[in-house]
Amino acid sequence: MKKSLVALAILGASAGFAQAQSSVVIYGTVDAGMIKRTDQSLAIGKRANNTLGFKGVEDIGSGLKALFQLEIRYEPDSGTIEQGANGVQRPLFQGQSRVGLQGAFGMVRLGRGLTAFQESSTQFEPFHGVPSPAGFQTDLMVAGYTSDPLGSVGNSTNRFNNALFYNSNVYNGFQINATVGTKEASTGSAAIVGRGSLANPQYRAGSEASANPYSVSATYTGAAGSLMLAAERNAVESRLLSIAGYVMATPELKLMATRVQQDRGHTLFNSEEARSWVVGANYKMGQGKILAGYGQKNQGALNQGMQKTKQMSIGYEYSLSPRTYVYADASNKKGPTIPSSMNIYALGVNHAF
Amino acid sequence: MKKSLVALAILGASAGFAQAQSSVVIYGTVDAGMIKRTDQSLAIGKRANNTLGFKGVEDIGSGLKALFQLEIRYEPDSGTIEQGANGVQRPLFQGQSRVGLQGAFGMVRLGRGLTAFQESSTQFEPFHGVPSPAGFQTDLMVAGYTSDPLGSVGNSTNRFNNALFYNSNVYNGFQINATVGTKEASTGSAAIVGRGSLANPQYRAGSEASANPYSVSATYTGAAGSLMLAAERNAVESRLLSIAGYVMATPELKLMATRVQQDRGHTLFNSEEARSWVVGANYKMGQGKILAGYGQKNQGALNQGMQKTKQMSIGYEYSLSPRTYVYADASNKKGPTIPSSMNIYALGVNHAF
Amino acid sequence: MKKSLVALAILGASAGFAQAQSSVVIYGTVDAGMIKRTDQSLAIGKRANNTLGFKGVEDIGSGLKALFQLEIRYEPDSGTIEQGANGVQRPLFQGQSRVGLQGAFGMVRLGRGLTAFQESSTQFEPFHGVPSPAGFQTDLMVAGYTSDPLGSVGNSTNRFNNALFYNSNVYNGFQINATVGTKEASTGSAAIVGRGSLANPQYRAGSEASANPYSVSATYTGAAGSLMLAAERNAVESRLLSIAGYVMATPELKLMATRVQQDRGHTLFNSEEARSWVVGANYKMGQGKILAGYGQKNQGALNQGMQKTKQMSIGYEYSLSPRTYVYADASNKKGPTIPSSMNIYALGVNHAF
């Protein structure tokens, strides 16, 4: 049967490529720039995520489509897979790995990807969700919340593994999105002391979730703007609520605001609270775009003092082509867990392919 | 020469793509579903292997072809590279990485891939060789045999690294396949105590093979069915013999049976034996297919009691399109090394691209 | 917005593929052979680098181009990502990960890649820069120099991470190339005792560079041949100087010579010197090509004895097609740090796609 395997391989070479043409799309981004942070030396790094993706859609008739998407994430300055804290390598397909069906009922997918809340919220962030510390996405936009506290060390903080993803179709501008994860334990997850002790942590290393993680978002999008309501609960039962919206003040001017509230009472005493808000604006000028935002995060025990983080950022993007732009950012962040005042400057190029 | 490099890059962009069209095929599978195992909570997992592959065939004239194949394996529920025991990541190209020539002499390839026996045997397995525990491939079909005992921890159990692969062409339905590995040591291989002691194991960590691993299979395939004879010896000189066959009782009904015998006497006292047999059937009904199988594995010392493992599985596949099907499996497995009786239920989707 | 995301995905499926056709080139190499080294058993290995790459060029008008290149490196005999010393896995995009712009000013790129010297020098190496120990590239061609001494353990020895790469256009055969790295520390870098002590090494694990690494090369290429002058300084301030050239004695015969000098005085006492020279020839005969070279490396303290390494290699390549050739090499290397005399024989196939 090897021969037949080879025959298949050869047929596959044509059949397969026919498929490639009809179904496999290769896409991605390379974003690299020079970054200067107050407490660090000049570095080459990224502003946006760097991706190399493979996706496809198959029309299987009667209004049904099968679809898949596999998205590699990497660090262009070192050529490695995307790295989390302490240089821990993240999954190869850190971006997402999902397969599903789409039809009149909406879209159902299985695998790993952004939660409903995390995926919905980026459009309300003034730096359109880039992970750069000059943006707000990874901290203030989510009040320091993590979607995957029991994931492997260094893993993503805004995705669910082992999840089912549902997205309704859009009816008159309304859409519902829901993500539900299993309680499955992750290899290499760290212990969480929480309300336990070092000797007896609330969540041991490799623990299962104590409740199914879920995330829901509801959005309305019209000509004038968009509104989002979202709620999420992670594997250690931290709860997040968010309301966000944007308005198109003029065709060039987008104004946006987000409010997020996190309740970590399940793992912290005194019902530990975290709250944040971000306001921002995008203004288009020909091939240029100005990005500006300001936000605050408060965390602590309500009956005690709350610690405050403040961030102000401004950026400029200039499009050299539909797929390539250069950018310059300046940002200041003040807070308890970082240099009392940290400035970040970035200058780089972003190329989509 | 950078300029010329760039010139090349630009030419390459066209020439290269011309190549891509003529030679590089991107293919793969995404298989994800919900799995419930007696002793585990509901999980998202896979039934079949998940692959992202790159392959090509070049006609180099006078009946000769050059061919290559690189096959990534991954876990869609977590986005990681395929993982072995304890979440150890397997090689990036776990599926295979081979290059070779094909002609009147047959096909010769170098690299890493399934052994002759492992690749030939899957067509006689009632769940067409899927790694799901609801199938028989990874345990009963091979009597618990592993092709790569001295490979890196977590590595594949049915492949040879550092091997030469030969496949004859098919003459009147007959074909011979052979795989021979070098004695090369693998980085990160574990010690095997075998007939030694913990202090002085028979194979130290990072040992070379004590004899060249080899695998041979001979098959005859006709209109009515197919027959296979195979033999394999791994790096620690465990020996495997297998006979398998299927008959097409009707165009819709495929009946199959396999018998495997393993001799681990080189590393275990009392000439440790392992024997297994699997019978199964596939029945096509329109876009649907029923998969059913039953098998037993006996292992131990012949002059003492043999331990018995029994497995019974039934599955159903429904094709939504030539490239997409949904499946439902139910399986029961009884044995010494697992929950005395383990049930597995799976429900999912498989999409080829 | 998921719907719109899907809409995008579907548009993306066509738009994206339009891009794939216009911008994403998939290319690579599979090189595998049998290698016998005096002190090792017969092995399957590689002679040239094994790559799977993705690259693209976008014409953005007014003479400007945006370009990117991502290059996976792997080991075909085991299917793993390319491995460094002790099987440590290198970055996924070990080959390179760069993005940049090209125009009348030349080409500017950011990311990770070969330094100006390392990329320029390969054309003067008789085995056109293959990493095989039968070639001279990785040792004698660079006098044992490493471009990335503070990189993660097992990382490349001839690349800069976190660097800016400039290449001028070619004016009347002249070209200037320059690479400058940041002082950024790498995760997982080992300590370098240098002029310190084990207790207080000159460079602690995870150290930043003590000076910005840089590499410059200037080349002149005409019909009769080419000449190169290059200088490099790495993160621990080792300095390298090189002069190299080749002449086309006849259209079939290329004669080449290289001289390299390395000063490691910053980390070693007695101004530790390393010097090497390599001479070689390539001779084309129809579809065949003979490769021959001889070189010496001297290292030590000038005021003490210098240790000598000598290498002599001969190889033959036979092209089966424009993209596929078979090769046979024989090499002898004598030196202090290896079996006093080591022979290497290699026989294999190289396929480009």
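Residues numbered from 1 in each chain as written. Chains lettered and ligands numbered in written order. Predicted model: local features only at pLDDT ≥ 70, side-chain atom pairs only at ≥ 80, totals over all residues. Heavy atoms only, no water.

- Per an unreviewed UniProt entry, chain A carries the name Porin and comes from Massilia rubra.
- Under Subunit (unreviewed entry), UniProt gives the following word-for-word description of chain A: "Homotrimer." (UniProt positions renumbered as here; feature names shortened; annotations may be inferred.)

1. Side note on the pairing of strand β15 (residues 288-300) of chain B
Regular strands place side chains that alternate from one sheet face to the opposite one.
Residues and elements named next belong to chain B.
Part 1 of the reasoning: Pairing analysis gives 13 bridges linking strand β14 (residues 273-285) to β15, with the strands arranged antiparallel. Within β15, the position partnered with S276 by the bridge is K297.
Part 2 of the reasoning: Connecting β14 to the next strand, β15, in antiparallel fashion are 2 residues, including G286 with a positive phi near 60°.
Part 3 of the reasoning: Here 13 bridges tie β15 to strand β16 (residues 306-321), and the two strands are oriented antiparallel to one another. Bridged to G300 within β16 is M306. (Pairing = 2+ DSSP bridges. Helix = DSSP H or I, 4+ residues; strand = E, 2+ residues; numbered from the N terminus.)

2. Let's talk about the interface of chain C and chain A
Part 1 of the reasoning: The interface of chain C with chain A comprises 40 residues on the first partner and 51 residues on the second.
Part 2 of the reasoning: Of the roughly 3900 Å² buried between chain C and chain A, counting both surfaces, carbon and sulfur atoms make up 70%.
Part 3 of the reasoning: Between chain C and chain A we count 1 salt bridge in total.
Part 4 of the reasoning: Across the salt bridge formed by E58(C) and R323(A), the nearest N and O atoms sit 3.9 Å from each other.
Part 5 of the reasoning: Summed over the shared surface of chain C and chain A, the result is 10 residue pairs in polar contact (both at pLDDT 80 or more).
Part 6 of the reasoning: Elements represented by at least two residues in the side of chain C that touches chain A include exactly α1 (2-23), β3 (51-59), β4 (65-75), β6 (96-103), β7 (106-114) and β8 (159-167) of chain C.
Part 7 of the reasoning: Here the element with the most residues in the side of chain C that touches chain A is α1(C); it accounts for 14 residues. (Contact = heavy atoms within 4.5 Å. Buried area = accessible area lost by both parts, 1.4 Å probe. Salt bridge = Lys/Arg side-chain N within 4 Å of Asp/Glu carboxyl O. Polar contact = N/O pair within 3.5 Å; in protein donor to acceptor, adjacent residues only side chain to side chain.)

3. Topic: the pairing of β6(C)
Residue and element names in this part refer to chain C.
Part 1 of the reasoning: By the criterion of burial, β6 is predominantly enclosed, with 8 of the 8 residues buried.
Part 2 of the reasoning: Of the two faces of β6, the one carrying Q96, R98, G100 and Q102 and the one carrying S97, V99, L101 and G103 are both buried.
Part 3 of the reasoning: Bridge count for β4 against β6 is 7 bridges, and the pairing is antiparallel. Bridge assignment links L70 to a residue of β6, and that residue is S97.
Part 4 of the reasoning: Where β6 meets β7, 7 bridges bridge the pair, whose relative direction is antiparallel. Its bridge partner being in β7, Q102 is matched across the sheet by M107.
Part 5 of the reasoning: What sits between the antiparallel neighbours β6 and β7 is a turn of 2 residues. (Buried < 20%, exposed > 50% of the residue type's maximum accessible area, 1.4 Å probe, protein only.)

4. Points about the side chain of E125(C)
Residues and elements named next belong to chain C.
Part 1 of the reasoning: Position of E125 among the secondary structure elements: in the loop between α2 (116-121) and β8.
Part 2 of the reasoning: No salt bridge is formed by the buried E125. Its closest oppositely charged neighbour is R47, at 8.6 Å.
Part 3 of the reasoning: At a separation of 2.7 Å, a polar atom in the side chain of E125 contacts the main-chain amide nitrogen of G129.
Part 4 of the reasoning: Those residues in contact with E125 that lie beyond four places of it in its chain are V130, G135, F136, Q137, M141 and M256. (Lys, Arg positive; Asp, Glu negative; His and termini not counted.)

5. What to know about the interface of chain A and chain B
Part 1 of the reasoning: Listed by partner, the interface residues are 41 residues for chain A and 51 residues for chain B.
Part 2 of the reasoning: Both sides together, the interface formed by chain A and chain B hides about 3900 Å², and carbon and sulfur atoms give 70% of it.
Part 3 of the reasoning: Applying the counting criterion to the chain A and chain B interface returns 1 salt bridge.
Part 4 of the reasoning: Remark: the boundary between chain A and chain B carries 10 residue pairs in polar contact (both at pLDDT 80 or more).
Part 5 of the reasoning: Put simply, the parts of the chain that give the side of chain A that touches chain B at least two residues each are α1 (2-23), β3 (51-59), β4 (65-75), β6 (96-103), β7 (106-114) and β8 (159-167) of chain A.
Part 6 of the reasoning: Among the elements that take part in the side of chain A that touches chain B, α1(A) stands out by supplying 15 residues, more than any other.
Part 7 of the reasoning: Here the side of chain A that touches chain B is built from residues that sort into 22 nonpolar, 12 polar and 7 charged. (Nonpolar A, V, L, I, M, F, W, Y, C, P; charged D, E, K, R; others polar.)

6. Here's the deal with the packing of aromatic side chains
Part 1 of the reasoning: Evaluation of the coordinates by the stated rule reveals 24 aromatic pairs over all chains.
Part 2 of the reasoning: Between F54(A) and F54(C), the ring centres sit 6.1 Å apart and the planes meet at 70°, which makes this aromatic pair edge-to-face. Linking F54(A) in strand β3 with F54(C) in strand β3, this pair reaches from one chain into another. In terms of burial, F54(A) and F54(C) fall into one category: buried.
Part 3 of the reasoning: Between F174(C) and Y220(C), the aromatic rings sit 4.8 Å apart at their centres with planes inclined by 45°, giving tilted as the arrangement. With a gap of 46 residues between them, F174(C) in strand β9 (residues 174-181) and Y220(C) in strand β10 (residues 214-221) connect regions that are remote in the sequence.
Part 4 of the reasoning: In this structure Y220(C) comes out as partly exposed when scored by relative accessible area, which is 37%. (Phe/Tyr/Trp six-rings, centres within 6.5 Å; stacked < 30°, edge-to-face > 60°.)

7. Regarding the pattern of salt bridges
Part 1 of the reasoning: Counted by the stated rule, this structure contains 42 salt bridges over all chains.
Part 2 of the reasoning: K333(A) is the partner of D139(A) in a salt bridge, and the nearest nitrogen-oxygen pair spans 2.7 Å. Separated by 194 residues along the polypeptide, D139(A) in the loop between α2 (116-121) and β8 and K333(A) in strand β17 (residues 324-334) bring together distant segments of the chain. Each member of the pair, D139(A) as well as K333(A), carries the same accessibility label: buried.
Part 3 of the reasoning: Between E273(B) and R275(B) there is a salt bridge; the shortest N-O distance is 3.7 Å.
Part 4 of the reasoning: What makes E273(B) buried here is its relative accessible area of 7%.
Part 5 of the reasoning: The class for R275(B) is partly exposed, based on a relative accessible area of 27%.

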